[in-house]
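Given next are the chains, with one letter for each unit.
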Amino acid sequence: MRLALPALEPFLAENVAKEVRKDALVIRRAGEAPAPGAAREILAAAREIDREFLARIGGFPVRIEIPYDRIEPLRLRRIELGLDTARRILDAWRHGRRLREAFAAGVLEQRLFELLQLYAEETQALSHSVRLPGILEPVRERVARRLREAMARAARTLARDAAAAAQNG
């Protein structure tokens, strides 16, 4: 796997950039007045970002068919939770309140944990649709499982540490 990583690094960088774009959509929209259907609009925009990503990675040795029927319920829940969380944070900031005042004790940590868990579930679902070069295909499931486990472990730690920082700040 270490030998394959340099070949996959540009692909992985594109993937991270794609996810940052999607998260930025949620945060930007949270700064606007709430509107019915906002989460669904972001979901549609996320599909377009996916299409652009798939077009850009055409030259990489990776093939992906995104199982939207499996990931969109996860993605929609993550968008809805992200919108509400970001709105509460922005509202506190706009009114000169501290972040810790925007959430009851433990709520921010739970929300961050749920957001990260949903992302990990989406990643797991997507891992089944990734086709790697022949030599790497046998390790795909093992790598996907380890990635999911690492993401789950990191989710709890990140959520706890971020919530603690918010409480102390």
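Relevant structure appears above.
Residues numbered from 1 in each chain as written. Predicted model: local features only at pLDDT ≥ 70, side-chain atom pairs only at ≥ 80, totals over all residues. Heavy atoms only, no water.

> Teacher, can you tell me more about the overall build of the chain here?
If you tally the helices and strands in the chain, you get five helices and two strands. Each helix and strand of the chain, ordered N terminal to C terminal, gives the series α-α-β-α-α-β-α. Considering the chain as a whole, with its 169 residues, one finds that 37% of them fall into the buried category. Put simply, 77% of the contacts in the chain that link residues at least 6 apart link residues at least 24 apart. (Helix = DSSP H or I, 4+ residues; strand = E, 2+ residues; numbered from the N terminus. Buried < 20%, exposed > 50% of the residue type's maximum accessible area, 1.4 Å probe, protein only. Contact = heavy atoms within 4.5 Å.)

> What exactly am I supposed to notice about the packing of helix α3 (residues 68-94) against helix α4 (residues 107-127) here?
When two helices pack together, their arrangement is given by the angle between their axes and by how far apart the axes lie. At a closest axis distance of 9 Å, the pairing of α3 and α4 adopts a crossing angle of 155 degrees. Taken together, the axes of α3 and α4 are roughly antiparallel relative to one another. Every pair of crossing elements has a handedness; the one defined by α3 and α4 is left-handed. Packed against α3, whose contacting residues are Arg 70, Ile 71, Leu 74, Arg 75, Arg 77, Arg 78, Leu 81, Gly 82, Asp 84, Thr 85 and Arg 88, the element α4 presents Leu 108, Arg 111, Glu 114, Leu 115, Leu 118, Tyr 119, Glu 121, Glu 122, Ala 125 and Leu 126 at the interface. A class-by-class count of the residues in the contact of α3 with α4 yields nine nonpolar, two polar and ten charged. (Axes fitted to C-alpha atoms, helices over the stretch in contact; angles between N-to-C directions. Parallel < 35°, antiparallel > 145°, perpendicular 65-115°, else oblique. Left-handed = near helix turned anticlockwise from the far one by under 90°. Nonpolar A, V, L, I, M, F, W, Y, C, P; charged D, E, K, R; others polar.)

> In this structure, what is going on with the packing of aromatic side chains? I would like to understand it.
Aromatic rings considered in pairs are described by the distance between their centres and by the relative angle of their planes. In total, this model carries zero aromatic pairs according to the counting rule given. Positioned above the aromatic ring of Tyr 68 is the side chain of Arg 47, whose terminal nitrogen or guanidinium carbon lies 3.9 Å from the ring centre. The positively charged end of Arg 156 is found above the aromatic ring belonging to Phe 113, 3.7 Å away from the centroid. (Phe/Tyr/Trp six-rings, centres within 6.5 Å; stacked < 30°, edge-to-face > 60°. Lys NZ or Arg CZ within 6 Å of the ring centre and 35° of its normal.)

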